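The lines below spell out each chain.
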Amino acid sequence: MASSPECPHSETRARDWLSRFVIEHDICPFAGREFRREAIRYAVSEGADLESWLQALAGECQRLDAEPEIATTLLIFPRGLEAFEDYLDLLEFGEALLVSLGYEGIYQLASFHPDYVFEGVAPDDPANFTNRSPAPMLHLLREAALERALAHYPDPEAIPERNMKVLRAPESPALAAAIAASGR
């Protein structure tokens, strides 16, 4: 799938993380199919402020509207969102933007950041690596496609717990892959 030419290194790192960690260790059981179909768009936002990041997000929603062959988009932010708290602010504004543009129920955001920490979880807990990525990213998902995939997957509610267990296991190969892919 097409990508943004501005920062190929960011895209390469995202692809490697997706392939070597997310897919190889089945962190998201739905990612492999779309990866093999080359239906994932990797878009790199070169902006460095909230307005430009939100414009990039709106633009990716419009692209998904116009190009149904794109299953999902990883919108990558290589600069300006190094602080996790700043990233969480973008996520909050991004979710509000989807609502204001009429995309509620059409698109959904999943969030990934190099320093991702789940609420109520210690920063050094390996489970955080389920959402740690080489760069800050927003994953823009088509809700209808997600609902179809979940309907055909046995016990989708167990996926997060399974991922945490896999990452917390002693000498976890998945954790080693996550650390390597995240550049830590």
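Residues numbered from 1 in each chain as written. Predicted model: local features only at pLDDT ≥ 70, side-chain atom pairs only at ≥ 80, totals over all residues. Heavy atoms only, no water.

A.B. asks: Tell me what's going on with the packing of aromatic side chains, and back it up with residues and numbers.
C.D. replies: Taken as a whole and assessed by the stated rule, the structure comprises seven aromatic pairs. Relative to F112, the ring of W17 has its centre 5.2 Å away and its plane inclined at 70°; by these criteria the two rings are edge-to-face. A residue pair is termed long-range when its members are at least 10 positions apart, and W17 in helix 1 (residues 8-23) and F112 in strand 3 (residues 107-112) qualify at 95 residues. Judged by its relative accessible area of 12%, F112 falls in the buried class. Each ring, one from Y103 and one from Y107, has its centre 5.1 Å from the other, and the planes form 45°; the classification is tilted. Taking the relative accessible area as the measure of exposure, Y103 reaches 10% and is therefore buried. (Phe/Tyr/Trp six-rings, centres within 6.5 Å; stacked < 30°, edge-to-face > 60°. Helix = DSSP H or I, 4+ residues; strand = E, 2+ residues; numbered from the N terminus. Buried < 20%, exposed > 50% of the residue type's maximum accessible area, 1.4 Å probe, protein only.)

A.B. asks: So, the pattern of salt bridges: which residues are in play, and what are the values?
C.D. replies: Taken as a whole and judged by the stated rule, the model has seven salt bridges. Close ionic contact of E34 with R33 constitutes a salt bridge, the shortest N to O distance being 2.9 Å. Across the pair R37 and E34 runs a salt bridge, and its minimum N-O distance is 2.6 Å. Judged by its relative accessible area of 45%, R37 is partly exposed. Connected via shared salt-bridge partners are R33, E34 and R37. (Salt bridge = Lys/Arg side-chain N within 4 Å of Asp/Glu carboxyl O.)

A.B. asks: Give me the sheet that holds strand 2 (residues 72-76): which residues, what numbers.
C.D. replies: Taken in spatial order, the four strands of this open sheet run 1-2-4-3, and their pairing is mixed. Each edge of the sheet is formed by a strand with only one pairing partner; in this case those strands are strand 1 (40-44) and strand 3. Taking each pair of neighbouring strands and ignoring which way they run, the sheet shows an average axis angle of 20°. Across five bridges, strand 1 lies against strand 2 in parallel orientation. Residue pairing for strand 2: I40 is matched across the bridge by T72. Strands in contact with helix 3 (residues 50-66) are strand 1, strand 2, strand 3 and strand 4 (137-142); relative to strand 4, the strand with the most contacts, it is inclined by about 25°. Lying over the sheet, helix 5 (residues 143-151) contacts strand 3 and strand 4, oriented at roughly 75° with respect to strand 4. (Pairing = 2+ DSSP bridges. Axes fitted to C-alpha atoms, helices over the stretch in contact; angles between N-to-C directions. Contact = heavy atoms within 4.5 Å.)

A.B. asks: Before we move on, could you go through helix 6 (residues 159-168) and cite the residues and values that matter?
C.D. replies: Among all positions of helix 6, only I159, N163 and L167 are buried. Along helix 6, the residues classed as buried sweep out an arc of 65° about the axis, all on the same side. Opposite the buried face of helix 6, at more than 90 degrees from it, the exposed residues are E161 and K165. (Arc of directions from axis to C-beta.)

Function cannot be read off these values alone, since they describe shape.
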